[in-house]
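For reference, the chains in residue letters:
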Amino acid sequence: MYSGAVAAAGPPRRDFISVTLGPEEAGGGGGYNNSKAWRRRSCWRKWKQLSRLQRSVILFLFAFLAVCGVISYTSMGEAWKSITNKSLDEQRTEQEINGLNLANPAVLPAPQKADANHGDYPELSLQKPPKPPHVRRGPSNLQIKAPRRDMRLKTRHDTIRAVEELVEADKVEKTEKSIISWRGAVIEPDQSTEPPSSKIKEPEKPSSVEAEDQKEPVPINERQLAVIEAFRHAWKGYKDFAWGHDELKPLSKSYSEWFGLGLTLIDALDTMWILGLKEEFEEARKWVANDLVFDKNVDVNLFESTIRILGGLLSTYHLSGDSLFLEKAKDIGNRLMPAFKTPSKIPYSDVNIGRGTAHPPRWTSDSTVAEVTSIQLEFRELSRLTGDEKFQKAVDEVMKHVHILSGKNDGLVPMFINTNSGQFTHLGVYTLGARADSYYEYLLKQWIQGGKKENELLEDYMRAIEGVKKHLLQRSEPKKLTFVGELAHGHFSAKMDHLVCFLPGTLALGAHNGLAADHMKLAEALIETCYQMYAQVETGLSPEIVHFNLHAQKGHRDVQIKPADRHNLLRPETVESLFYMYRFTGDKKYQDWGWEILQNFNRYTRVPTGGYTSINNVQNPSNPEPRDKMESFFLGETLKYMFLLFSDDIDLINLDKYVFNTEAHPLPIWVPA
Ligand code: DMJ
C-alpha cells in the first residue's frame, strides 16, 4: 500500500510496488488539477518517492520491453518489406525457385519436389548438398529465426543484417540443391505412380528427390566431356543456322522443315538436361514457351511427332519438373487424337494438327505396323499425367487388336496394316528392321512401363523373340557373327538394317527384368555383330543396311555393302544397345566400342562451322560425301546414349525407374522395381 502520508515521512524500503490512488492523494494538497504541469509534477514526485530497488526494477522492465519491441519490429519489418516491396520480377523468380509454372524463368526451374513444398517433405532437411561453412543445416524456416538470446543483444541494424545473412544462406542452399539436380539428373520418377485406370485428376508432380537418393554428384569423365563438346558443336550449328526449325543443314548453313515445329530443339531438350547444359536448356525453354505453337495448318506424321515431340516434352517435364512441358505435351497429344478416327481404330499415318483432320498417305490406306504400335508409351503416360483416359484407350485398343490379329508368323508381324479393315497387308515379309522394328521394342517396354502386369504384351514379346530365333537368326562367315536377317515369302535374306541394332539393348533390358537368360546371350552376340558393322567398314561407321556373307570366300568380310545402302544418317541404335550392355554387364569393351564410334563421327561427319552431317559413303574415308543434314535424333538419341554409355553412374537415368521411348526419351516406370 502506498499513501501520501507515509511518503511525506520519507520512503521506507520496500520490496514490492503497490500504487493506490487515495482521496488525499487525489486532492494532493491542492485538490484535483488536471493541468499538464500538475500531472508532470505529480508523476515526478511519485518517482522520487520510490525506493532505489523499485526504480531499478521499473527501469529494467522498460528496457526489456524496448528490446522486445525492437526485435519484433525488425522481423515484422523484413517480412512486410518482402511482401510489399518485392517487384513482380522478384516474385516470379521466387516462384520459379519453388518450381511453379512460369514462362521464361531467369534460372532453370528447379524440380518441384527438390525445392518446393518443404513442408510436405520434411526429410529434405536430411539432404547433404555441400554448403559453405557459415550456412546452418536444417529446414530453412528454422534457419531464418535466430535464437532469441543472440538477437536480444543486437542493435536494430545488427538484427536486420543477421536476418539478411540467414536469408542469403537459405538462398545459397536452394541454389545448390538445384545444381545437384542438374549434374547427374538425380531427379527420380514419382515412386507412387499408378496405372491410369485408377487415375488421379490433378496432374502429378513428376519428380521426387528422395533424401537417400541425394548422392554426391558423380564427376564427369573425359569421354563424357567429349560428348558434351560434340553436343555443343552440333548445337552451335543448329543455333546459328536453323534455330527454331526442324533440322540443320550444316553445309549450306540453313535448315529444312518437316513439320515446322522445331523438331531438333524439342528432341534435344532432355539431352541438354542430362548433359547438364543449363544455359542451352534455358534458351531452348524460352523458345518452347514463346514460339512453339501447335495451332498450325500442317500435316505431321503421327508416329514421328509422337516419339519425338510428345515423348520429348513428357520426358523433359519429368526431368525438369517444369509444367510448361506438360502443357505443351497435352496440347500436341490432343491435336494428334483425330488420327484414331478410322473405321478400324488403327490410326492413320498423318494428322493435320491445326485442322483436326487425319488421313493415310496419298497412295494407300495402310499404316506401317511399327508406327501404329510404337506410340503407346507416350499416350499411356499422357493419360496417367492428365487423368484423361482417352489417350491410353486409343493406343491400348491398337495393341489389343494386333494381339489377336492373324497373319503373324510365330509372333513376327508383317510390315503394314490397313486402317479400314484393320488387317495386316503385304503378308509374308518379316523383318526386325524398318516398318516393324519398334513394335517388338514397345511390347517389352509397355510391359515394363505398366509394372509387368500386362501379360498379353509379354506373351507377344516372348513369342516374337522365339520367332526371331526360329526364322531370322543366322551366322555369317568368316567370323560367324550372329545376325538377324529377313524372311520374304519363305526365303531368307541375309540383309540387316542398322535399325535392327536396337535389338541387343532390348533383349538385355528384358533379361534384366527377369526374362529368359538366353536373351542376354543373344544380346551379347548381336551387339558384337552391330559393332562389326562399324569396325569392318573403311570409315569405322556403319552403313544403313548390310548384307552378311553366308559362305566363306577368301578375302571377303562378313559385312557386305551395296552401293545404295552405304549412307550413314548418324543413327543411334548401336550406341543405344552399347549403353544397355554396359549398364547390365559392366564390361568396359562396350564403352571402348562406343568411344571408337564417337571418334569416327568426329572424323567423318563433323562440319567445322557447326553441326554434324549424314554422309553418303561410309566406304570412302577420303570423301564420305556429306549429305548436308543433321537428323534431330543425333541430338535426341545418339549423343544422349553416348553420354550415358560413358557414365558409371547407374542413377543417371536408372533403368529400374525409367523406360526410354524409341526416341531415347526417358519416361517413368509406373511401379518401379
Ligand atoms: C528414330 O527416330 C527412332 O529411334 C526410331 O525408332 C527409328 N528411327 C530413328 C533413329 O534411327
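Predicted model, so just to flag it, every value in this text is computed and none were measured.

A few words now on the nonpolar core. Generally speaking, nonpolar side chains in soluble globular proteins are found buried as a group. Formed by 151 residues in total, the largest nonpolar core has its most connected members in Leu269, Leu432 and Met496. For Leu432, the contacting residues outside a window of four places in its chain are Leu412, Asp437, Tyr440, Val468, Leu472, Val484, Val500, Phe502 and Leu503.

Attention now moves to the state of the cysteines. Two cysteines, two sulfur atoms, one covalent bond between them: this is a disulfide. Scanning all chains against the criterion turns up one disulfide. One disulfide bridge connects Cys501 with Cys530, the sulfur atoms lying 2.1 Å from each other. Given an S-S torsion of about -100°, the disulfide between Cys501 and Cys530 has left-handed geometry. Separated by 29 residues along the polypeptide, Cys501 in the loop between β16 (495–497) and α20 (503–512) and Cys530 in helix α21 (residues 517–535) bring together distant segments of the chain.

A separate point is unusual backbone geometry. Among all residues save glycine, negative phi is the norm, and among peptide bonds the norm is trans. Residues Glu477 and Pro478 are joined by a peptide bond in cis, for which omega reads 5°. Among the structural elements, Pro478 can be located in the loop between β12 (473–475) and β13 (482–484).

The subject of this paragraph is the packing of α20 against α21. With their axes 8 Å apart at the nearest point, α20 and α21 run at an angle of 160° to one another. Classed by the angle they form, the pair α20 and α21 counts as roughly antiparallel. In this structure, α20 meets α21 at a crossing whose hand is left-handed. Mapping the contact onto sequence places Leu503, Pro504, Leu507, Ala508 and Ala511 in α20 and His519, Met520, Leu522, Ala523, Leu526, Ile527 and Cys530 in α21.

Now for the UniProt feature "binding site: Ca(2+)" (unreviewed entry) in the chain. Here the UniProt-annotated "binding site: Ca(2+)" (unreviewed entry) positions come out as Thr662. Counting through the fold element by element, Thr662 comes out in the loop between β19 (658–660) and β20 (666–668). The class for Thr662 is buried, based on a relative accessible area of 15%. Once residues lying within four places of it in the same chain are set aside, the contact partners of Thr662 are Phe303, Ile307, Ser438, Glu441, Tyr442 and Glu637.

Here we take up the sheet that holds strand β11 (residues 429–430). Read from one edge to the other, the open sheet built from three strands follows the order β11-β14-β15, with strand pairing classed as antiparallel. The open sheet has two free edges, formed respectively by β11 and β15 (491–493), since each of these has just one partner strand. The strands touched by helix α19 (residues 455–472) are β11, β14 (486–488) and β15; relative to β14, the strand with the most contacts, the crossing angle is about 75°.

Turning next to the site of the ligand. Every residue close to the ligand is listed here: Ile307, Arg308, Leu499, Arg571, Pro572, Glu573, Phe633, Glu637, Thr662 and Glu663. The side chain of Glu637 places a nitrogen or oxygen atom 2.8 Å from an oxygen atom of the ligand. Between the ligand and the protein, one listed contact pairs an oxygen atom with a side-chain N or O atom of Thr662 at 2.7 Å. Protein burial of the ligand: of its 290 Å² of free accessible surface, 91% is covered by the chains.

Moving on, we get to helix α18 (residues 437–449). Think of an α-helix as turning once every 3.6 residues; residues three or four places apart then point the same way. Relative to the 18 Å expected for 13 residues at 1.5 Å per residue, α18 spans 19 Å between its end C-alpha atoms, a close match to the ideal helical length. Taking burial as the measure, the 13 residues of α18 include 13 buried ones, the bulk of the element.

Bringing the environment of Leu405 into the picture now. Here Leu405 is to be found in the loop between α17 (390–404) and β9 (416–418). Residue Leu405 is classed as buried on the basis of its relative accessible area of 9%. Leave out the neighbours within four places in its chain, and Leu405 touches Ile417, Gly422, Gln423 and Phe424.

Time to look at the side chain of Arg308. Checked against the element boundaries, Arg308 lands in helix α13 (residues 302–320). At a separation of 2.9 Å, a polar atom in the side chain of Arg308 contacts the side chain of Ser632. Excluding residues that lie within four positions of it along the chain, Arg308 makes contacts with Trp258, Leu263, Ile266, Asp267, Ser632, Phe633, Glu663 and His665.

What counts as what
- The residue numbering used here restarts from 1 in each chain and proceeds along that chain's sequence as written.
- For this predicted model, a pLDDT threshold of at least 70 governs which residues receive local features, and a threshold of 80 or more governs which side-chain atom pairs are given and counted, while totals over whole chains, interfaces and linings are taken from all residues.
- Side-chain metrics in this entry use all non-hydrogen atoms of the structure; hydrogen atoms and water are not considered.
- Put simply, a nonpolar core is a bunch of buried Ala, Val, Leu, Ile, Met, Phe, Trp, Tyr and Cys residues held in one set by side-chain atoms that sit within 4.5 Å of each other.
- Residue burial is assigned from relative accessible area. The probe radius is 1.4 Å, only protein chains are included, and a residue is buried under 20% of its type maximum, exposed over 50%, and partly exposed in between.
- Here, two residues are considered to be in contact whenever any of their heavy atoms come within 4.5 Å of each other.
- Any cysteine sulfur atom paired with another within 2.5 Å is treated as part of a disulfide.
- The secondary structure listing takes helices from DSSP runs of H or I that are at least 4 residues long and strands from runs of E that are at least 2 residues long, numbered from the N terminus.
- Lines fitted to the C-alpha atoms define the axes, with helices restricted to the stretch that makes contact. Angles between their N-to-C directions range from 0 to 180 degrees.
- Convention used here: angles under 35 degrees read as roughly parallel, angles over 145 as roughly antiparallel, angles from 65 to 115 as roughly perpendicular, and any remaining angle as oblique.
- Rotating anticlockwise by less than a right angle from the far helix to the near helix defines a left-handed crossing, while the corresponding clockwise rotation defines a right-handed one.
- UniProt positions are given in the numbering used here, feature names are shortened, and annotations may be inferred rather than shown by experiment.
- Strands are treated as partners if at least two bridges between them are detected by DSSP.
- Put simply, a residue is near a molecule or strand once any heavy atom of it comes within 4 Å of that molecule or strand.
- Two N or O atoms form a polar contact when they lie within 3.5 Å of each other; inside protein one atom must be a possible hydrogen donor and the other a possible acceptor, and for residues adjacent in sequence the pair counts only when both atoms belong to side chains.
- Surface accessibility in these figures is a Shrake-Rupley result with a 1.4 Å probe; residues are shielded only by whichever protein chains are displayed.
- To estimate the expected span of a helix, subtract one from its residue number and multiply by 1.5 Å.

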